[in-house]
Amino acid sequence: MTRAAGRPLIVGSGIAGLYVALRCRDLGLRPTVLTKGRLEESNTRYAQGGIAAAIGSDDSPALHLADTVRAGAGLVNRAAARVLTQEAPARIADLVRLGVPFDTVEGRIALAREAAHSRDRLLHAGGDATGLSIEETLKRRVLEGGIDVRERRVLRSIRLGGKGGVQATFSDPAGRGVEVEEDRPLVLATGGAGSLFLQSSNPSVATGEGVAIAFRAGAEVGDLEFVQFHPTAFAREGAPRFLITEALRGEGAVLRNEAGERFMLGVHPDAELAPRDVVARAITGEIARSGQSHVYLDATRLGRDRLFARFPSVSNFLLTFDLDPSRDLVPVAPVAHYMIGGVVTDLEGRTTLRGLYAAGEVAATGVHGANRLGSNSLIEGLVFGERVARQLARPTPGAPAPAERLLRIAPVPGLGREGEPRLVEEIRTLLWEEVGIVRTGPELSRALARFEEIAREAEPTREGQLAGPTANAALTATLIARAALERKESRGAHYRSDHPRPLAAWRRHVHLRRRERAA
Ligand code: SIN
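Bear in mind the structure is a predicted one, so any value in this text is a computation, not a measurement.

Colleague: Help me out: how do you make sense of the packing of helix α5 (residues 209–217) against helix α13 (residues 469–486) in this one?
Modeller: Between two packed helices, what matters for the description is the angle formed by their axes and the separation of those axes. With their axes 8 Å apart at the nearest point, α5 and α13 run at an angle of 85 degrees to one another. Put simply, α5 runs roughly perpendicular to α13. Together, Glu209, Val211, Ala212, Ile213, Phe215 and Arg216 of α5 and Ala471, Asn472, Leu475, Thr476 and Leu479 of α13 make up the contact between the two elements. Looking at the contact of α5 with α13, its residues break down into seven nonpolar, two polar and two charged.

Here it is in structure tokens:
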């Protein structure tokens, strides 16, 4: 094994990044984790519902696979979903070994249900603090294990290295202190792009730059039109769009409109447990009809003790707004939640660029198809993270050993149009309003034209200039809008009112790759 291959760079510190780092270390490698904020800041932290794995006595990987394929609306990569569902129980055992304190009932791991799962198969921890418990446990293990961690390092660009790795440029968040890592394998674990949408359940770090940077470097990206909108985030003027977990509906909470009616009964046989896209669109329709900004989640039948024991984060959050979910209706509305597409990978997490891997939300493994089954994302990060680590640990005989070197460059040429929060806000508004839950061709075309215009202005022009947040946001938004415009049908999370039905001809993926510049 070459020295560089043994020293992978892992960018991002959610479940995928931290787990890949731990497994690389176990396999004898010397990983470095770089994260743009603090180690614990990631989308993983906010995952409430749970992590899916077929470990129940009435469950099996085959049933988990069938549910995953059904939810994915004809676009699931079966081989990838088979890997996911078969390897999930072993990855859960790893988490238990690492010390994740999953909730138990009478000594056995407790299992809950979410929409479109045919069995109870969601493990949870701290009630509805599943992501937080996993993140904290993995973080502790990474720090105890002495893994090299560099915080406040923003990935700015990658390009093919000469010796089997990639050259990666990082800077601090302000674009200063540029560092170039030469020829090391790089694992993108940068998470999703939810916060590029005006209304989102994601933390502000989820800005999708992994997709933009990989695309710029020539990697293939795909399935970006499939943005999953979560039906129920807290919807009160001025309050954060806090996620109100689907597991509440799994336990019996129902949705009501302004008139107090359970409108989902007339929409889908599974009512509130219909697939997420169906529920999100039904709520959007109710909101449009009523002129209100929300509908209501009614969890009163669950009772106070059960609510506060099983859903402490949600219940205590609501109390800070003088709402007691055992007595009061909770105003909720849909938000952007999860990026189904991303950087295209194979079953080992390899992208189309040699030396570049992707794991977690930034990767498009194909397991979610056109619509992700709830709680399949944390487990995806582990299952494919494990495969990436094993891949990295494989010997690569014959490759010359590159020099270990960290190059500091000064003066810093600066970021392209950095510090343009107005443009980023415009992108967020346009994505939400014109590339949102219900899309049309004219709106998508309008949004795309504006994203391309912003991207043209913001892309770095001078040699050595770094792409900043505006350029990355504009490029990611361009790719999402382009894919959504291209797909002239409705399928899974992608709904176009001008093409409202799925079409057999569209049972295929939209993959995008940068056109080579003319020499
Ligand atoms: C939720 O708890 O409702 C979200 C879980 C997920 O998106 O997987």
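Colleague: Is there a simple way to think about the pattern of salt bridges in this case?
Modeller: Side chains that differ in charge, positive against negative, can pair when their charged atoms come close. Under the defined criterion, the tally for this structure stands at 48 salt bridges. Between Arg249 and Glu246 there is a salt bridge; the shortest N-O distance is 3.7 Å. Separated by three residues within a single helix, Arg249 and Glu246 lie in helix α6 (residues 246–250), roughly one turn from each other. The buried category is assigned to Glu246, whose relative accessible area is 1%. Its salt-bridge partner being Arg327, residue Asp328 comes within 4.0 Å of it at the nearest N-O pair. One network of salt bridges, with partners in common, ties together Arg23, Arg25, Asp26, Arg91, Asp94, Arg97, Glu386 and Arg390.

Colleague: Where do I start with the site of the ligand in this structure?
Modeller: Around the ligand, the surrounding shell consists of Gln48, Gly49, Glu114, His230, Leu243, Thr245, Glu246, Arg276, His337, Arg372, Gly374 and Ser375. Within the backbone of Glu246, a nitrogen or oxygen atom sits 2.7 Å from an oxygen atom of the ligand. Here an oxygen atom of the ligand sits 2.6 Å away from a polar atom, N or O, in the side chain of Arg372. About the coverage of the ligand: the protein hides 95% of its 250 Å² of free accessible area.

Colleague: What's the story with the sheet that holds strand β19 (residues 356–358) in this structure? I'm lost.
Modeller: A sheet is described by the order of its strands in space; here five strands give the open sequence β8-β2-β1-β12-β19, paired in parallel fashion. A strand with exactly one partner marks an edge of an open sheet, and here the two such strands are β8 (148–150) and β19. Strand-to-strand twist across the sheet, computed as the mean angle between neighbouring axes with direction ignored, equals 20 degrees. Pairing analysis gives three bridges linking strand β2 (residues 32–34) to β8, with the strands arranged parallel. Counted as the bridge partner of Leu34 is Arg150 from β8. Across the sheet, helix α10 (residues 376–393) touches β12 (186–188) and β19, and the angle it forms with β19 is around 160 degrees.

Colleague: Teacher, can you tell me more about the confidence of the model for the chain here?
Modeller: The predicted coordinates of low-pLDDT regions are not to be read in fine detail. Summing up the model confidence of the chain, the mean pLDDT is 92 and the portion of residues at 70 or higher is 94%. Note on residues 397–413: pLDDT is under 50 here. Beyond four places in sequence and across chains, it has 33 contacts.

Colleague: Could you clarify how one ought to interpret the sheet that holds strand β14 (residues 227–234) in this entry?
Modeller: Sheets are built from strands that pair by backbone hydrogen bonding, the pairs being arranged parallel or antiparallel. Spatial ordering of the open sheet is given by β14-β17-β16-β15, a layout of four strands whose pairing is antiparallel. One side of each edge strand has no neighbouring strand; the edge strands of this open sheet are β14 and β15 (254–256). Taking each pair of neighbouring strands and ignoring which way they run, the sheet shows an average axis angle of 45 degrees. Bridge count for strand β16 (residues 295–298) against strand β17 (residues 330–339) is three bridges, and the pairing is antiparallel. When the bridges of β17 are listed, Tyr296 appears paired with Pro331.

Colleague: Help me understand the side chain of Glu286, please; the structure alone is not making it clear to me.
Modeller: Mapped onto the elements, Glu286 comes out in helix α7 (residues 276–290). What makes Glu286 buried here is its relative accessible area of 12%.

Colleague: I tried to follow the pairing of β14 on my own but got confused; where do I start?
Modeller: Every regular strand shows the same layout, with side chains that alternate between the two sheet faces. Among the eight residues of β14, eight are classified as buried, and the element is accordingly described as predominantly covered. Looking at chain direction, β14 and β17 are connected through six bridges and run antiparallel. Counterpart to Gln228 in the pairing with β17 is Tyr338.

Colleague: So what exactly am I meant to see when it comes to the environment of Asn376 here?
Modeller: Examined against the element boundaries, Asn376 turns out to sit in helix α10. Sequence separation of Asn376 and Gln292 is 84 residues, and the distance between their C-alpha atoms is 32 Å. With near-sequence residues (within four places) excluded, Asn376 lies in contact with Ala52, His64, Thr68, Leu84 and His368. Of the polar contacts made by the side chain of Asn376, one reaches the side chain of Thr68; its length is 3.1 Å.

Rules and cut-offs
- Residues numbered from 1 in each chain as written.
- Predicted model: local features only at pLDDT ≥ 70, side-chain atom pairs only at ≥ 80, totals over all residues.
- Heavy atoms only, no water.
- Axes fitted to C-alpha atoms, helices over the stretch in contact; angles between N-to-C directions.
- Helix = DSSP H or I, 4+ residues; strand = E, 2+ residues; numbered from the N terminus.
- Parallel < 35°, antiparallel > 145°, perpendicular 65-115°, else oblique.
- Contact = heavy atoms within 4.5 Å.
- Nonpolar A, V, L, I, M, F, W, Y, C, P; charged D, E, K, R; others polar.
- Salt bridge = Lys/Arg side-chain N within 4 Å of Asp/Glu carboxyl O.
- Buried < 20%, exposed > 50% of the residue type's maximum accessible area, 1.4 Å probe, protein only.
- Near = heavy atom within 4 Å.
- Polar contact = N/O pair within 3.5 Å; in protein donor to acceptor, adjacent residues only side chain to side chain.
- Areas by Shrake-Rupley, 256 points an atom, 1.4 Å probe, with all protein chains shown as cover.
- Pairing = 2+ DSSP bridges.
- pLDDT = per-residue confidence, 0-100.

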